[in-house]
Amino acid sequence: MTIEQSLQEFYTKNNLDKDGGENNNFFELKIKPFTFKLPNPEFRKKVIHIHDIQHVLYDCDISWKGESFIAGWEIATGFWKVFPIGILSLSAMGIGLLKNPKEVFRGYTIGINSIGIIDLNMSKKELLQLEVSELRNYIKKEKSKKLNWVTFLFWCLISEFVLLFPLFILLGILSWMF
């Protein structure tokens, strides 16, 4: 089955638009009991298909369990280097560590032995034409790496900092005012 066919199944299964919302001006972020309607900037529109392909490759839904796995995988593969989308990945990892830490860890440990899809430098059209099994072979690193706990814990701390940064700013402003 091609990536394109698998993505369409994924979108249907998760009640998403045919393009995964790529062309929408807004997207929803659900963190129970809240749903945030956020702008869908161009930088996100350009790479959302890559994020969705990762869901397909690892059979992850769009619950926080699935997003936690994908966030850990993205950070391990270096997706954080793609600014500003990396901020979203770090924030998702921060939320994932609070909601599903085992999935973040599982995603991270698989990610350290994977090449990030974005690093393949393939066009969207090229990616969509690949078979799922082909893409799995492309992203598999030849040499296996062991988990470096210091690096993993570093990314855990950074992700929590990125997630909580707006709260730090708000508290700083409030303490300055009062």
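Anything mentioned here points back to the structure above.
Residues numbered from 1 in each chain as written. Predicted model: local features only at pLDDT ≥ 70, side-chain atom pairs only at ≥ 80, totals over all residues. Heavy atoms only, no water.

What should I look at first to understand unusual backbone geometry in this one?
Most of the time, phi is negative for any residue but glycine, and the peptide bond is trans. In this structure, proline 84 follows phenylalanine 83 across a cis peptide bond, with omega equal to 0°. Along the chain, proline 84 turns up in the loop between helix 3 (64-77) and helix 4 (85-99). At asparagine 121, a position not held by glycine, the phi torsion is positive, near 55°. Mapping asparagine 121 onto the fold places it in the loop between helix 5 (101-111) and helix 6 (124-129). (Helix = DSSP H or I, 4+ residues; strand = E, 2+ residues; numbered from the N terminus.)

Looking at this model, I keep getting lost on the environment of phenylalanine 27. Mind explaining?
Its place among the elements puts phenylalanine 27 in strand 1 (residues 26-31). On the accessibility criterion, phenylalanine 27 (17% relative accessible area) is buried. Linking phenylalanine 27 and phenylalanine 83, residues 56 residues apart in sequence, is a C-alpha distance of 19 Å. (Buried < 20%, exposed > 50% of the residue type's maximum accessible area, 1.4 Å probe, protein only.)

I'm lost on the pattern of salt bridges in this one. Help?
Proximity of charged atoms lets side chains of opposite charge pair with each other. In this structure the tally under the stated criterion is three salt bridges. Across the salt bridge formed by lysine 124 and glutamate 22, the nearest N and O atoms sit 2.7 Å from each other. Here the residue lysine 124 occupies a position in helix 6, and glutamate 22 occupies one in the loop between helix 1 (3-13) and strand 1, the gap between them amounting to 102 residues. Measuring nitrogen to oxygen at the nearest pair gives 3.7 Å for the salt bridge that ties lysine 45 to glutamate 42. (Salt bridge = Lys/Arg side-chain N within 4 Å of Asp/Glu carboxyl O.)

How should I be thinking about the layout of surface pockets in this particular structure?
Take a probe with the size of a water molecule and roll it over the atoms, and the empty space left behind shows itself. Approximately 1,200 Å³ is the volume attributed to the largest pocket. Along the walls of the largest pocket sit 40 residues, with Phe27, Glu28, Leu29, Arg44 and Glu67 positioned nearest its centre. Broken down by element, the residue count for the lining of the largest pocket peaks at eight residues, all from helix 4. Looking at the second largest pocket, its volume works out to about 210 Å³. Every residue along the wall of the second largest pocket is listed here: Ser6, Glu9, Phe10, Lys13, Asn14, His55, Val56, Asp59, Cys60, Asp61 and Val132. When contributions to the lining of the second largest pocket are tallied by element, the ones reaching two or more residues are helix 1 and helix 2 (42-57). When grouped by side-chain class, the residues that make up the lining of the second largest pocket number four nonpolar, three polar and four charged. (1 Å grid on protein atoms, 1.4 Å probe; cavity = no way out; pocket = protein on both sides within 12 Å on 5 of 7 lines; lining within 4 Å. Points joined across faces, edges and corners; volume = space filled by probe spheres on them. Nonpolar A, V, L, I, M, F, W, Y, C, P; charged D, E, K, R; others polar.)

Help me understand helix 1, please; the structure alone is not making it clear to me.
Owing to its 3.6 residues per turn, the α-helix brings residues three or four apart onto one side. Every buried residue belonging to helix 1 is among Ile3, Ser6, Leu7, Phe10 and Tyr11, and all of these are buried. Taken end-on, helix 1 shows its buried residues confined to a sector of 140°, consistent with a single buried face. Opposite the packed face of helix 1, turned more than 90 degrees from it, sit the exposed residues Thr12 and Lys13. Packing partners of the buried residues in helix 1 comprise helix 2, helix 6 and helix 7 (132-139). Where helix 1 terminates, the next one or two residues include asparagine 15, which has phi positive at roughly 55°. (Arc of directions from axis to C-beta. Contact = heavy atoms within 4.5 Å.)

I keep staring at helix 4 and nothing clicks. Help me out?
Between its first and last C-alpha, helix 4 extends 21 Å over 15 residues, near the 21 Å set by a 1.5 Å rise per residue. Packed against the buried residues of helix 4 are strand 1, helix 2, helix 3, helix 5 and helix 8 (149-177). (Expected span 1.5 Å × (residues − 1).)

Quick question: what am I supposed to make of the packing of aromatic side chains here?
Aromatic ring pairs are reported here in terms of the distance separating the ring centres and the angle at which the planes meet. All told, the structure shown has eleven aromatic pairs when counted by the stated rule. With a centroid separation of 5.3 Å and an interplanar angle of 50°, the aromatic rings of tyrosine 58 and phenylalanine 69 are classed as tilted. Of this pair, tyrosine 58 sits in the loop between helix 2 and helix 3 while phenylalanine 69 sits in helix 3, and the two are eleven residues apart along the sequence. Looking at tyrosine 58, the relative accessible area reads 23%, which means it is partly exposed. When the centroid spacing of 5.5 Å and the interplanar angle of 50° are considered together, the rings of tyrosine 58 and tryptophan 73 count as tilted. Separated by 15 residues along the polypeptide, tyrosine 58 in the loop between helix 2 and helix 3 and tryptophan 73 in helix 3 bring together distant segments of the chain. Of the residues examined, tryptophan 73 reaches a relative accessible area of 0% and is grouped as buried. Three or more aromatic residues joined by ring pairs make a cluster, and in this case those are Phe105, Tyr108, Trp149 and Phe152. Between lysine 37 and the ring centre of phenylalanine 26, over which it is positioned, the NZ or CZ distance is 5.2 Å. The ring of phenylalanine 27 carries arginine 44 above its face, with NZ or CZ at 3.7 Å from the centroid. (Phe/Tyr/Trp six-rings, centres within 6.5 Å; stacked < 30°, edge-to-face > 60°. Lys NZ or Arg CZ within 6 Å of the ring centre and 35° of its normal.)

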